[in-house]
Amino acid sequence: MTDRPLIGVSTYLEAGARWGLWELEAALLPAGYPRLVQRAGGLAAMLPPDAPEHAAATVARLDGLVIAGGPDVEPARYGAERDPRTGPPARARDAWELALVEAALAVRLPLLGICRGMQLLNVALGGTLVQHIDGHAEAPGVFGRHPVEPVPGTVYAAVVPEKTSVPAFHHQAVDRLGAGLAVSAHAADGTVEAVELPPGDGWALGVQWHPEMGEDVRVMRALVEAAAEQRAVPWAGGRGRGR
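Residues numbered from 1 in each chain as written. Predicted model: local features only at pLDDT ≥ 70, side-chain atom pairs only at ≥ 80, totals over all residues. Heavy atoms only, no water.

A. Summary view of the overall build of the chain. If you tally the helices and strands in the chain, you get six helices and 13 strands. Computed over its C-alpha atoms, the radius of gyration of the chain comes to 17 Å, within 12% of the 18 Å expected for a compact globule of 243 residues. Per-residue burial for the chain yields a buried fraction of 50% across its 243 residues. Of the roughly 11,100 Å² of accessible surface on the chain, 55% is carried by carbon and sulfur atoms. Looking at the chain, you have 21 positive and 28 negative side-chain charges, and the mean spots of the two groups are 6 Å apart. (Helix = DSSP H or I, 4+ residues; strand = E, 2+ residues; numbered from the N terminus. Rg over C-alpha atoms; globule rule 2.2 N^0.38 Å. Buried < 20%, exposed > 50% of the residue type's maximum accessible area, 1.4 Å probe, protein only. Areas by Shrake-Rupley, 256 points an atom, 1.4 Å probe, with all protein chains shown as cover. Lys, Arg positive; Asp, Glu negative; His and termini not counted. Charge placed at Lys NZ, Arg CZ, Asp CG, Glu CD.)

B. Fine view of the packing of helix H3 (residues 91-107) against helix H4 (residues 116-124). H4 packs onto H3 with a crossing angle of 65° between their chain directions and a minimal axis gap of 10 Å. Between H3 and H4, the crossing angle belongs to the class labelled roughly perpendicular. The hand of the H3/H4 crossing is right-handed. In this structure, H3 uses Arg93, Asp94, Glu97, Leu98, Val101, Glu102 and Leu105 to contact H4, whose residues at the interface are Arg116, Leu120, Leu121, Val123 and Ala124. (Axes fitted to C-alpha atoms, helices over the stretch in contact; angles between N-to-C directions. Parallel < 35°, antiparallel > 145°, perpendicular 65-115°, else oblique. Left-handed = near helix turned anticlockwise from the far one by under 90°. Contact = heavy atoms within 4.5 Å.)

C. Expanded view of the environment of Arg93. Structurally, Arg93 is set in helix H3. For Arg93, a relative accessible area of 5% translates into the label buried. Along the primary structure Arg93 and Gly200 are separated by 107 residues, whereas in three dimensions their C-alpha atoms are 29 Å apart. In terms of polar contacts, Arg93 uses its side chain to reach the backbone carbonyl oxygen of Thr11, at 3.4 Å. (Polar contact = N/O pair within 3.5 Å; in protein donor to acceptor, adjacent residues only side chain to side chain.)

D. Local environment of the sheet that holds strand S9 (residues 164-168). Strand order in the open sheet formed by nine strands is S4-S1-S5-S6-S13-S12-S11-S8-S9, with mixed pairing between adjacent strands. Two strands in the sheet have a free side with no partner beyond their single neighbour: strand S4 (43-47) and S9. The sheet shows a mean angle of 25° between the axes of neighbouring strands, taken without regard to direction. One ladder, built from three bridges, connects strand S8 (residues 144-150) with strand S11 (residues 182-187); its direction is antiparallel. (Pairing = 2+ DSSP bridges.)

E. Up close: unusual backbone geometry. The phi torsion at Arg108 lies on the positive side, around 60°, for a residue other than glycine. Take Arg108: it is sitting in the loop between H3 and strand S6 (111-114). Residue classification places Arg108 among the partly exposed residues on the basis of a relative accessible area of 37%.

F. Inspection of the packing of aromatic side chains at higher detail. As enumerated under the stated definition, the model contains two aromatic pairs in all. When the ring of Tyr156 is compared with that of Trp209, the centres are 5.6 Å apart and the planes differ by 65°; the resulting orientation is edge-to-face. Placement of Tyr156 in helix H5 (residues 155-159) and of Trp209 in the loop between strand S13 (204-207) and helix H6 (218-232) is noted, with a sequence separation of 53 residues between them. Assigned by exposure class, Tyr156 and Trp209 land together as buried. Residue placement shows Arg93 over the ring face of Tyr12; its charged tip is 4.6 Å from the ring centre. (Phe/Tyr/Trp six-rings, centres within 6.5 Å; stacked < 30°, edge-to-face > 60°. Lys NZ or Arg CZ within 6 Å of the ring centre and 35° of its normal.)

G. Just a nonpolar patch on the surface, in detail. Together, Trp19, Leu21, Trp22 and Leu24 make up a nonpolar patch on the protein surface, roughly 520 Å² of accessible area in all. Checked against the element boundaries, Leu24 lands in strand S3 (residues 22-28). By relative accessible area, which is 42% here, Leu24 ends up partly exposed. (Patch = residues over 30% accessible without salt bridge, like charges linked within 9 Å, V, L, I, M, F, W, Y side chains within 5 Å. Salt bridge = Lys/Arg side-chain N within 4 Å of Asp/Glu carboxyl O.)

Written as structure tokens, this is what we have:
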């Protein structure tokens, strides 16, 4: 792939981060995300939180979008009361990333949601979340692993057809599915591990685990390939660039 697709990746915005002599507010992204995009054949661009009204213009510059992992989605976003075990809200990030998801879906931009990103995809389409589950997180700051089983006939199963062990760290999960979404993988305890839209609605996949913390590049490569294919073939909505 000589002309690498541009893949935007959403970021954290932290009040204080330290490097060298400096401690300042910073837009942060664990290095595993851009490295995975690069290994999959894409160019990575960081997308720090911005005003939601700029989401459509941002998406218009991209070939694909990754919504990264991070803090819990504010329960008010899906009409629920906050469970005491739910983390503090990240309202600016929620608003920005939901706007990015909606803008990407509107133009069928290839979209991959990772952990929180999968949950936001579900919420953006009217779904809800389970605010706490046990057994899917190790000690703070430590990724565990568990097996994930693909659902035959899904886009995810075409990319990863076998049961795999995946790196994970989360305590929330999909509850009621958003409109149009289908489950494409699950854990042994029944937890939804991947969701997707049908191929006719564009390439959109969410995974509950963290592929950027492992060696398997197939999910990200599928996003990059979908981005390359779409930009090369103009469609009625004007997304293709014909490059």
